[in-house]
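Spelled out, the chains give:
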Amino acid sequence: MVIPFNPNDRAKSTATLQVEMVRRASDGEIIEVRNWIATQTEKQIHSLRLKIRRENSENFSCFYCGHDVLLRKHKRGGHYFAHKEKTAAEKADCIYQQNRMISSEERDRIRYHGQREGMRHIKTKELTVRVLRSDPRFSEPEIEKRWTSFSDGWRKPDVASKWNAQQIVFEVQVSNTYPQVVAERTDFYRKQGALLIWIYDRLKEKDWRTLHADNFCSNGQHLFLVDEECVILSET
Ligand SMILES: [Zn+2]
């Protein structure tokens, strides 16, 4: 059977998906795969497939276990995300594995977490912008503006601004970002002559996450956190 191909057609997902929710590394966005694929064209999905497979380009991970995922295409034409390394997902006991049944309660719970994390991310970004705007030493903040580097690809910092002549980018941190991603982004912005500051929306009272600790110790023992109270103080 010959399947006609038109790059401008709407992309379709497969009837059953493998990984139903993914996180996009460039902006931290949590994506519900089925809804999202339906908003893309075949052309967009096919060029993304290549970018995901190339180093230093676009990267997606499983929302549940955090391991890298790839876009795959079924022989009947539907697209889906699958773990890049099946054994890594097995070891992490990921819920999104072939032949594993997910109850509707489990599915709803994961969706709920994903949506909440997405909202916290947006909220923290907005608070960061408000703090910067209330300090005249910072230039007007840019939100999710793409930075392209000839040798290292591109990134989309959550918020970027200038303090005097120094470029500063702020990345919101509401979930577990993996040490490799943190290191790789720090290097990317350093090469561009910019300072990267991670912004948290809460502190763990008792047990610090590894990431909090990594950041604290490599940053001259500073950890940046933004909340409603500090925004109001800045604005007054
Ligand atoms: Zn997974």
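Residues numbered from 1 in each chain as written. Predicted model: local features only at pLDDT ≥ 70, side-chain atom pairs only at ≥ 80, totals over all residues. Heavy atoms only, no water.

Residues and numbers for the packing of helix α4 (residues 104-133) against helix α7 (residues 228-235), please.
Where α4 meets α7, the closest approach of the two axes is 9 Å, and the angle between their N-to-C directions is 20°. Relative to α7, α4 is oriented roughly parallel. The way α4 lies across α7 gives a crossing that is left-handed. Along the contact surface, α4 presents Lys 123, Leu 127, Arg 130 and Val 131, while α7 presents Glu 228, Cys 230, Val 231, Ser 234 and Glu 235. Taken together, the residues of the contact of α4 with α7 break down into four nonpolar, one polar and four charged. (Axes fitted to C-alpha atoms, helices over the stretch in contact; angles between N-to-C directions. Helix = DSSP H or I, 4+ residues; strand = E, 2+ residues; numbered from the N terminus. Parallel < 35°, antiparallel > 145°, perpendicular 65-115°, else oblique. Left-handed = near helix turned anticlockwise from the far one by under 90°. Contact = heavy atoms within 4.5 Å. Nonpolar A, V, L, I, M, F, W, Y, C, P; charged D, E, K, R; others polar.)

Give me the lowdown on the coordination of the zinc ion, citing residues and values where you can.
The coordination sphere of the zinc ion contains the protein donors Cys 62 (SG), Cys 65 (SG), His 83 (NE2) and Cys 94 (SG), at a distance range of 2.1 to 2.4 Å. Here the zinc ion binds four donor atoms, and the angle range of 104 to 115° at the metal identifies the geometry as tetrahedral. Considered as a linear motif, the donors of the zinc ion on their single chain read C-x2-C-x17-H-x10-C. Per residue, the accessibility class of Cys 62 equals that of Cys 65, and both read buried. (Donors = N, O, S within 2.8 Å, 3.2 Å for Na, K, Ca; no water. Tetrahedral: all angles 85-135°; square planar, octahedral: opposite > 155°, others 65-115°. Buried < 20%, exposed > 50% of the residue type's maximum accessible area, 1.4 Å probe, protein only.)

Lay out the sheet that holds strand β2 (residues 30-32) with the relevant residues and their values.
The strand order β2-β1-β3-β4-β5 describes an open sheet built from five strands, whose pairing is antiparallel. The open sheet has two edge strands with one neighbour each: β2 and β5 (79-83). Recorded for the sheet is a direction-independent mean angle of 45° between the axes of neighbouring strands. Two elements, strand β1 (residues 21-24) and strand β3 (residues 60-62), share three bridges in a ladder whose sense is antiparallel. Bridge pairing in β3 links Arg 24 to Phe 60. (Pairing = 2+ DSSP bridges.)

Give me unusual backbone geometry: which residues, what numbers.
You will see that Glu 144, though not glycine, has its phi angle at about 50°, which is positive. Locating Glu 144 in the fold gives a position in the loop between β6 (142-143) and β7 (147-149). Even without glycine at this site, Asn 164 takes up a positive phi of about 55°. Its location among the elements puts Asn 164 in the loop between β9 (159-163) and β10 (166-173).

Can you explain the pairing of strand β4 (residues 68-73)? Please cite residues and give values.
Looking at chain direction, β3 and β4 are connected through two bridges and run antiparallel. Paired with Phe 60 across the two strands is Val 69, which belongs to β4. Linking β3 to β4, which pair antiparallel, is a turn of five residues; within it Gly 66 sits at a positive phi near 85°. As judged from the five bridges shared by β4 and β5, these two strands associate in the antiparallel manner. Bridge assignment links Arg 72 to a residue of β5, and that residue is Tyr 80. Taking the residues between adjacent antiparallel strands as the criterion, β4 and β5 are bridged by five residues, where Gly 77 takes a positive phi near 105°.

Before we move on, can you summarise the domain arrangement of the protein chain with the specific residues and values?
Its domain assignment divides the protein chain into domain 1 (21-102) and domain 2 (119-235). Just the C-alpha atoms count here: the centres of domain 1 and domain 2 sit 26 Å apart. At the interface, eight residues of domain 1 touch 13 residues of domain 2. Around 890 Å² of area is buried between domain 1 and domain 2 when both sides are counted, 39% of it from carbon and sulfur atoms. At the boundary of domain 1 and domain 2, one finds zero salt bridges. The tally of links from domain 1 across to domain 2 stands at one residue pair in polar contact (both at pLDDT 80 or more). Residues belonging to the side of domain 1 that touches domain 2 are distributed by class as follows: two nonpolar, three polar and three charged. (Domains from an automatic or database assignment. Buried area = accessible area lost by both parts, 1.4 Å probe. Salt bridge = Lys/Arg side-chain N within 4 Å of Asp/Glu carboxyl O. Polar contact = N/O pair within 3.5 Å; in protein donor to acceptor, adjacent residues only side chain to side chain.)

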